[in-house]
Amino acid sequence: MFQIEPLPATEFAHLSSLSDTELAQKGIQVHISDGEFPCRVSLADAAPGTRVYLLNFEHQPGETPYRSRHAIFVADGAKESHPDPDTIPEVVAKRLLSARAFNRAHEMIDAEVVEGRELEGVIRTFFDNPQVDYIHLHFARRGCYAARVSRTAWT
């Protein structure tokens, strides 16, 4: 079994209390969603008209050559979505992805580009390898971090 994990809402809740000037000073852009802004907390496209933040986020903090930061969108006031195990949210399923498998030392040991609707097979293949500890998903066209995939009660 696998679990696609959102980013924690608590990490971004403070953004709504900052002025546009304060956000800009932190390098955070504010956009209004047209329905195609994939929120990393809700694991859904932000509804049209929703205020969204575009910010840089360190999604791979391991002290390896694979340490990485990239742009993400977070909807204002987003609530965490925790999909059921073995479920791929539509925000992920409808996009071209780069799936990257990492070991416990945070080293990339496998990778694949895949249409989101075919992701489940790639996840299962990666997790068939006992060295794979977790998977990072990126939206391939822009390269932005999408979500983390963990093992859950893998049998």
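Scroll up for the structure.
Residues numbered from 1 in each chain as written. Predicted model: local features only at pLDDT ≥ 70, side-chain atom pairs only at ≥ 80, totals over all residues. Heavy atoms only, no water.

### Structural notes on the sheet that holds strand β10 (residues 144-151)
Point 1. Taken together, five strands build an open sheet; the order of strands is β1-β10-β9-β7-β8 and the sheet is antiparallel. Looking at which strands have only one partner, the edges of the open sheet turn out to be β1 (2-5) and β8 (108-115). Averaged over neighbouring strand pairs, the angle between their axes works out to 25° when direction is ignored.
Point 2. Taken together, the six bridges between strand β9 (residues 134-139) and β10 define a ladder with antiparallel strand orientation. Looking across to β10, one finds that H138 is bridged to Y145.
Point 3. Along the sheet, helix α3 (residues 119-128) makes contact with β1, β7 (96-102), β8, β9 and β10, crossing β8 at roughly 165°. (Pairing = 2+ DSSP bridges. Helix = DSSP H or I, 4+ residues; strand = E, 2+ residues; numbered from the N terminus. Axes fitted to C-alpha atoms, helices over the stretch in contact; angles between N-to-C directions. Contact = heavy atoms within 4.5 Å.)

### Considering the nonpolar core
Point 1. Counting 23 residues, the largest nonpolar core has I4, L119, I135, L137 and V149 as the members making the most contacts within it.
Point 2. Mapped by element, the contributors of at least two residues to this core are β1, α2 (90-93), β7, α3, β9 and β10.
Point 3. Counting residues per element, this core draws most heavily on α3, at five residues.
Point 4. Apart from the residues within four sequence positions on either side, L119 is in contact with I88, V92, L97, A99, V114 and L137.
Point 5. Counting 21 residues, the second-largest nonpolar core is a separate cluster that includes L15, L18, V52 and A78. (Core = buried A, V, L, I, M, F, W, Y, C linked by side-chain atoms within 4.5 Å. Buried < 20%, exposed > 50% of the residue type's maximum accessible area, 1.4 Å probe, protein only.)

### Here's the deal with the side chain of S150
Point 1. Relative to the assigned elements, S150 resides in strand β10.
Point 2. Classification of S150 by relative accessible area gives buried; the value is 11%.
Point 3. One polar contact links S150 to R148, side chain to side chain, over a distance of 3.4 Å.
Point 4. Leave out the neighbours within four places in its chain, and S150 touches M1, F2, Q3, E5 and F127. (Polar contact = N/O pair within 3.5 Å; in protein donor to acceptor, adjacent residues only side chain to side chain.)

### Let's talk about the layout of surface pockets
Point 1. Volume-wise, the largest pocket comes out at about 320 Å³.
Point 2. Tallying contributions element by element places strand β6 (residues 68-75) first for the lining of the largest pocket, with three residues. (1 Å grid on protein atoms, 1.4 Å probe; cavity = no way out; pocket = protein on both sides within 12 Å on 5 of 7 lines; lining within 4 Å. Points joined across faces, edges and corners; volume = space filled by probe spheres on them.)

### Concerning the packing of aromatic side chains
For any pair of aromatic rings, the description consists of the separation of the ring centres together with the inter-plane angle of the planes.
Point 1. Enumeration according to the criterion identifies five aromatic pairs in this entry.
Point 2. For the pair F12 and F57, a centre-to-centre distance of 5.8 Å together with 50° between the ring planes defines the contact as tilted. Here the residue F12 occupies a position in the loop between β1 and α1 (20-25), and F57 occupies one in strand β5 (residues 51-60), the gap between them amounting to 45 residues. Each member of the pair, F12 as well as F57, carries the same accessibility label: buried.
Point 3. Ring centres 4.7 Å apart and planes at 80° place the aromatic pair F37 and F73 in the edge-to-face group. Pair noted here: F37 is in the loop between β2 (29-32) and β3 (38-39) and F73 is in strand β6, with a separation of 36 residues, a long-range link. (Phe/Tyr/Trp six-rings, centres within 6.5 Å; stacked < 30°, edge-to-face > 60°.)

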